[in-house]
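Fold and geometry: a report
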Amino acid sequence: ICPGEGALSREEARRVVDGLLAYGPRSVVITSGVEQETGGHVVWGYDHQTGEYFTLPYRFIQVHFPGTGDLFSAVLVGELLEKKPLMPSVRRAMDLLEKLIFLEQDEIEKNKGIRIEKFLSVLKESRHGARNNLKRRAAHGVSPDTGAKKNRGRPGRGAAGVRRRRVGQDPGAG
């Protein structure tokens, strides 16, 4: 799908996703779509782990920066490497990119892309907010992936029964 090539109906978008799946990937994400029924900007996808198709709307900001697809992919891959589900990972990448584009939209030299080094604090803030939420859930024994209570095992030991210690802690201590 090329930007500016027109909107797709939900049925057409699903056919495109299915067509891409026929080439062999297990999951698919299509960015920068326009949904014919609503006129809204969306990301379409299919998650093989849940067996669900999804459509995620986003706020379109009328500005172009080169490299935004790379930023989107980097955030998405980072989330997936942390074993997070596809749809929430796509949503996080979308939200972060929207925030960066919004913050940078008045930059005069747009041809240089988003000055990511200027917004490292936004990335950290976003990441720490997600981690703090995971820490709160873990403290209450709730799985960050499923929301189910976890079996906590022996205190001071990880899932494999390996003793955990803080960085810099004397290995002989505790």
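As a starting point, this report considers the structure included with it. (Residues numbered from 1 in each chain as written. Predicted model: local features only at pLDDT ≥ 70, side-chain atom pairs only at ≥ 80, totals over all residues. Heavy atoms only, no water.)

Moving on to the packing of aromatic side chains. Taken as a whole, this structure holds 1 aromatic pair when the rule is applied. Relative to tyrosine 53, the ring of tyrosine 46 has its centre 4.8 Å away and its plane inclined at 55°; by these criteria the two rings are tilted. Above the plane of the ring of tyrosine 53 lies arginine 14, whose end atom (NZ or CZ) is 3.8 Å from the centre. (Phe/Tyr/Trp six-rings, centres within 6.5 Å; stacked < 30°, edge-to-face > 60°. Lys NZ or Arg CZ within 6 Å of the ring centre and 35° of its normal.)

The next subject is the nonpolar core. Among the nonpolar cores identified, the biggest contains 19 residues, and Phe72, Leu76, Val90, Met94, Leu100, Ile101 and Ile114 are the most heavily contacted of them. For this core, the secondary structure elements donating two or more residues are strand E3 (52-58), helix H2 (68-81) and helix H3 (86-104). Not counting chain neighbours up to four residues away, the residues in contact with methionine 94 comprise Val43, Leu56, Pro57, Tyr58 and Phe72. Counting 9 residues, the second largest nonpolar core, distinct from the first, contains Leu8, Ala13, Val28 and Tyr46. (Core = buried A, V, L, I, M, F, W, Y, C linked by side-chain atoms within 4.5 Å. Buried < 20%, exposed > 50% of the residue type's maximum accessible area, 1.4 Å probe, protein only. Helix = DSSP H or I, 4+ residues; strand = E, 2+ residues; numbered from the N terminus. Contact = heavy atoms within 4.5 Å.)

A few words now on the environment of valine 90. Along the chain, the position of valine 90 falls in helix H3. For valine 90, a relative accessible area of 0% corresponds to the buried category.

With the rule as written, the count across this model stands at 8 salt bridges. One salt bridge connects glutamate 35 with arginine 10, and the closest N-O pair in it is separated by 3.0 Å. Pair noted here: glutamate 35 is in the loop between strand E1 (28-34) and strand E2 (41-47) and arginine 10 is in helix H1 (residues 10-21), with a separation of 25 residues, a long-range link. Overall, arginine 10 belongs to the partly exposed group, its relative accessible area being 46%. Taking the shortest distance from any N to any O, the salt bridge between lysine 84 and glutamate 82 comes out at 3.2 Å. (Salt bridge = Lys/Arg side-chain N within 4 Å of Asp/Glu carboxyl O.)

Once that is clear, we can look at the pairing of E1. Relative to E2, E1 runs antiparallel, the two sharing 5 bridges. Along E2, the bridge assignment pairs valine 28 with tyrosine 46. (Pairing = 2+ DSSP bridges.)

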